[in-house]
Amino acid sequence: MRVCLLTDKPDHPLLAAVASALAEAEHRVTFLDPDTGAASPSQLVAPDDLADVYLLKAHTPRALALAHFLEALGARVVNSAAATELCQDRSRIAAVAEDAGLPMPRTRTLDALSEALHGADPAESGYPLMVKSRHSRRADLVARVDGPDGLRDLASKWSDEPVVLQEFVANSGWDHKLWVIAGEVFTGVRPAPVGAPPDGARPAPLVRDLPPDWTRLALRTGDVFGLDVYGVDLLDREGAPVVVDINAFPGIRGPKGAPEALAALALKCPGRPARHAYGV
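An account of the accompanying structure is given in this report. (Residues numbered from 1 in each chain as written. Predicted model: local features only at pLDDT ≥ 70, side-chain atom pairs only at ≥ 80, totals over all residues. Heavy atoms only, no water.)

**What to know about the sheet that holds strand β4 (residues 77-78)**
Phase 1 of the analysis: Across the sheet, 4 strands lie side by side as β2-β1-β3-β4; this open sheet has parallel pairing. The open sheet has two edge strands, β2 (28-32) and β4, and neither has a second partner.
Phase 2 of the analysis: With 4 bridges connecting them, strand β1 (residues 2-6) and strand β3 (residues 53-56) associate as parallel partners. Looking across to β3, one finds that Val3 is bridged to Val53.
Phase 3 of the analysis: The sheet contacts of helix α3 (residues 61-72) involve β1, β2, β3 and β4, and relative to β3 the element is tilted by about 160 degrees. (Pairing = 2+ DSSP bridges. Helix = DSSP H or I, 4+ residues; strand = E, 2+ residues; numbered from the N terminus. Contact = heavy atoms within 4.5 Å. Axes fitted to C-alpha atoms, helices over the stretch in contact; angles between N-to-C directions.)

**Observations regarding the pattern of salt bridges**
Phase 1 of the analysis: Inspection of the entire model under this criterion finds 12 salt bridges.
Phase 2 of the analysis: Linking Asp146 and Arg144 is a salt bridge whose minimum nitrogen-to-oxygen distance equals 2.7 Å.
Phase 3 of the analysis: Linking Lys157 and Asp153 is a salt bridge whose minimum nitrogen-to-oxygen distance equals 3.4 Å. Of the two residues, Lys157 and Asp153 are both situated in helix α6 (residues 148-157); the distance of 4 residues between them amounts to about one turn of the helix.
Phase 4 of the analysis: Linked by salt bridges that have partners in common, Arg106, Glu167 and Arg237 make up one network. (Salt bridge = Lys/Arg side-chain N within 4 Å of Asp/Glu carboxyl O.)

This is how it looks when you write it as structure tokens:
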């Protein structure tokens, strides 16, 4: 079987471990960077030389265009181009989550952050609030704003940036990360990107020690967004989990068994129908 990993980082620990596991089982593994100098997807992949499955780790516009091209040729792409594209747009994520009844912070969308400086105070639910780039990408904007002065300062640096404004969820300083590969849940904790730095190190809980509603929410999120490989960041709000971020094919670092689960998923994929995101 031939498996192609679409990424610009073939040395990523998860991908390298998956490639090694597949190669040891005598499967052919290749890497392809969608953002190489080729002018079009057809110059990157010959229609008569398709892999059995493509693992879509890259999320850039060119990577998404290539994934759409491959799917149009009948190739199996994990995650699908549509599901990956959906998860790059935080405004669409919030809308889909609300439609499906997933708990997320209240979210508003602005075409440019500068719009927040005009008219009514954008902090409808009060300060602090979270300001995030609408389109998720490397080095995007994720910031906590504690009042109008902080908002003006942020707008002076990111004036034209399309953003979402989200209700701030008080937290302990730790993000609970639930990673899911084909229905198997892995866990981790990381310092939250904003707020007071947590004290010391905190070991990741075992999946069996998580409240059952946390794992149910993680699995439901994958069903709603049509994802096979994904991450859900959860915060505890008054004893109930709240989804604060969803990532298609994140860099899963640390959990034992994750590379093996991803390799097993790749081998199962050619005969499986593609999953579809809610409303897509």
